[in-house]
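# Summary of the model geometry
Here's the letter readout for the chains.
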Amino acid sequence: MSRSRAAYYPVYLSLAGRLVVVVGGGEIAERKVAGLLPSGARVRVVAPELTPELARLVERGEIEHRAGDYRPGDLEGAFLALAEPGGAERDEAFSTEAEARGIFANVEDVVECCSFIAPSIVRRGDLVIAISTSGRAPALAVRLRQRLEQELGPEYGALLELAGRLRGPLAREVPEFEERRRRWYELVDSEVLVLFRDGRTAEASALAEQMLGVAAEGSEAMSGAAESSRECGPGRVTLIGAGPGDPDLITVLGLKRLRTADVVLHDRLAAPELLAEAREDAEIVDVGKRPGDDVQARQRRIEKLMIERALTGAHVVRLKGGDPAVFGRGGEEIEACAAAGVACEVVPGVSSFTAAAAAASIPLTHRGVSLGFAVVSARNAEGGEPDWAALDGADTVVVLMASRRLERIGQGLIAGGRESSTPVAIVERASTPEEKIVSATLESLAVGELSGDIKPPCVVIVGEIAAASRRTCPRSRRGRRRTQSAARS
């Protein structure tokens, strides 16, 4: 494979004390020198004239200058060579000399004369991010760099400076690699970066020391609170709402907590992409309920497993579909943690009822049509049904876990006072590639026209606002294919 077509191998070079020759004295050379000096390189510029900034660097003794145009021999002793474009003949001579001397060389924007390409750089202290388009579109690399510069503030450099002072003490105090790695991930996903960003440096440092269980080099001894944080004792539980199915719909906080888990207890519908976000050494346990299970007994076993793992000192994540507090038995798991004296955090998630409404472009509240809505399960804890008549006052009713009870939902709401012609939208597997939207009426549900056609999980939206799914066939998200069907008459 030719050099121009072969994939580039990214690498960071140690240039401290090494000679780097820069040919040219214009703005391009000035930019290259500015990037070289922080690396500790000894820089020599070869050019008949220099920009005012390069001239100031020469005057202060920060770089060397050989006045004149490039000539063969100028690269003698160099470790690296960079050049502004100087015309085909000069660029070829520069590249040929570098090749003969075994020096890596780069001529700005002349790929055929380069043995390496210089990426766009984002630097935040010891954090260095290199961005390359393999010479295809340098402007794109610049735009990506600018975007990252906006997103990554100086707090990242501050965290790395502190991490450098914590690494040695942690290695000495905690010889087990897996335990050190666990603590580092926990630190990186904590609020330390936010504290640094807000200028609360002392708090950030104290929290980092507390989480790692060691004092940073060059600081006072760790506080008693930090010392006690690593004493043996109960772990913790985090209930995380994984969202309705699309792995992108988990919250940022939920993803951070998932990545620090020692144990992940997940529901049957948890996206594989989310489970892949857990640490490689995390224990992954499928605790999803299935048809035929004794639901109460199954739930008690989940709670027992969750508490047992937490009492060993583990961080246990209970990954639940939708939102853990919306028909997810999250309340029972919170109570179980409280009874066992285990700390429990709840991270909310996108519920299936909001995802289903969004999929069908149905606003659950809309001026003049729906001033409020009620969300119910198609069956209660004892296997019975909601009080359908009590829901007659709600403009919109959303029914979850409805796929096997469509007929009873239609009959119950009609008997409870709703017109048989009331619009209905049924959304299967909201937010997933298998998402399907069906438009119907309460009458078509009540007479069983759709029974057997709808697969779980599904959400039923009842009310005049559901007619919106007929008026607007929503645009497919990320190219996802959907079906929208009218009810049979």
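Report follows, based on the coordinates. (Residues numbered from 1 in each chain as written. Predicted model: local features only at pLDDT ≥ 70, side-chain atom pairs only at ≥ 80, totals over all residues. Heavy atoms only, no water.)

Right, let's get into the sheet that holds strand β9 (residues 263–266). Here we have five strands laid out as an open sheet, ordered β10-β9-β11-β8-β12, and parallel in their pairing. Every interior strand has two partners, whereas the edge strands, β10 (283–286) and β12 (343–347), have only one. When the angles between neighbouring strand axes are averaged without regard to direction, this sheet yields 15 degrees. (Pairing = 2+ DSSP bridges. Helix = DSSP H or I, 4+ residues; strand = E, 2+ residues; numbered from the N terminus. Axes fitted to C-alpha atoms, helices over the stretch in contact; angles between N-to-C directions.)

Take the side chain of Thr133 next. Structurally, Thr133 is set in the loop between β7 (127–131) and α4 (138–151). Within the local environment of Thr133, its side chain forms a polar contact with the backbone nitrogen of Ala137, the two atoms lying 3.0 Å apart. Among residues more than four places away in sequence, those in contact with Thr133 are Pro138, Leu140 and Ala141. (Polar contact = N/O pair within 3.5 Å; in protein donor to acceptor, adjacent residues only side chain to side chain. Contact = heavy atoms within 4.5 Å.)

As for its position among the elements, Arg31 is in helix α1 (residues 27–36). The class of Arg31 is partly exposed, set by a relative accessible area of 49%. Along the sequence, Arg31 and Leu54 sit 23 residues apart, while their C-alpha atoms lie 9.7 Å from each other. (Buried < 20%, exposed > 50% of the residue type's maximum accessible area, 1.4 Å probe, protein only.)

A few words now on the pairing of strand β5 (residues 104–107). Here strand β4 (residues 80–83) runs beside β5; their pairing, made up of four bridges, is parallel. Bridge pairing in β5 links Leu80 to Phe104. Between β4 and its parallel partner β5, the chain crosses via helix α3 (residues 88–101), and the hand of that crossover is right-handed. (Right-handed = clockwise from strand over helix to strand, strands pointing away.)

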